[in-house]
Amino acid sequence: MHSSLAVTVEGLPLGLAAVKFWTRKKFKGTAQLKKKIKPTRVPIEKKESVR
């Protein structure tokens with residue numbers, strides 16, 4: 001989820017201006033995969049967060 005916060009020039013938060021949800025096609029269906037493979041058992045080199 002990516003969100004955009006609207007603020008005044010003085011820095012007073014007004015609220016969320018926009019919210020966008022997105023996913024990558026290569027990660028679709030991984031919820032079922034997590035039931036079979038524990039995410040903590042995947043080496044860090046194979047995780048996207050290593051980038």
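Preceding this paragraph is the structure being described.
For clarity, every value in this text was computed on a predicted model and none was experimentally measured.

Calculation notes
- Residues numbered from 1 in each chain as written.
- Predicted model: local features only at pLDDT ≥ 70, side-chain atom pairs only at ≥ 80, totals over all residues.
- Heavy atoms only, no water.
- Helix = DSSP H or I, 4+ residues; strand = E, 2+ residues; numbered from the N terminus.
- Buried < 20%, exposed > 50% of the residue type's maximum accessible area, 1.4 Å probe, protein only.
- Contact = heavy atoms within 4.5 Å.
- Areas by Shrake-Rupley, 256 points an atom, 1.4 Å probe, with all protein chains shown as cover.
- Patch = residues over 30% accessible without salt bridge, like charges linked within 9 Å, V, L, I, M, F, W, Y side chains within 5 Å.
- Salt bridge = Lys/Arg side-chain N within 4 Å of Asp/Glu carboxyl O.

*Asks:* Can you walk me through the overall build of the protein in this structure?
*Replies:* Helix and strand counts for the protein come out as one helix and two strands. Each helix and strand of the protein, placed in order from N terminus to C terminus, yields the pattern β-β-α. Taken across its 51 residues, the protein has 0% of its residues classed as buried. Of all intrachain contacts in the protein linking residues separated by at least 6 positions in sequence, the fraction that spans at least 24 positions is 7%. Total accessible area computed for the protein in this model is approximately 5,200 Å², and 59% of it derives from carbon and sulfur atoms.

*Asks:* Help me out: how do you make sense of the environment of Ser-4 in this one?
*Replies:* Mapped onto the elements of the fold, Ser-4 is located in strand 1 (residues 2–7). With 11 residues separating them in the primary sequence, Ser-4 and Gly-15 have C-alpha atoms 8.6 Å apart. Apart from residues no more than four positions distant in its own chain, Ser-4 is found in contact with Gly-15, Leu-16, Ala-17 and Ala-18.

*Asks:* For this particular structure, what's the right way to read a nonpolar patch on the surface?
*Replies:* Taken together, the side chains of Met-1, Leu-5, Val-7, Leu-16, Val-19 and Phe-21 present a nonpolar region at the surface, about 670 Å² in accessible area. Of all elements in the fold, only strand 1 and strand 2 (13–20) reach the threshold of two or more residues within the nonpolar patch. As for its position among the elements, Leu-16 is in strand 2.

Note that all results are geometric; they support no functional claim without further evidence.
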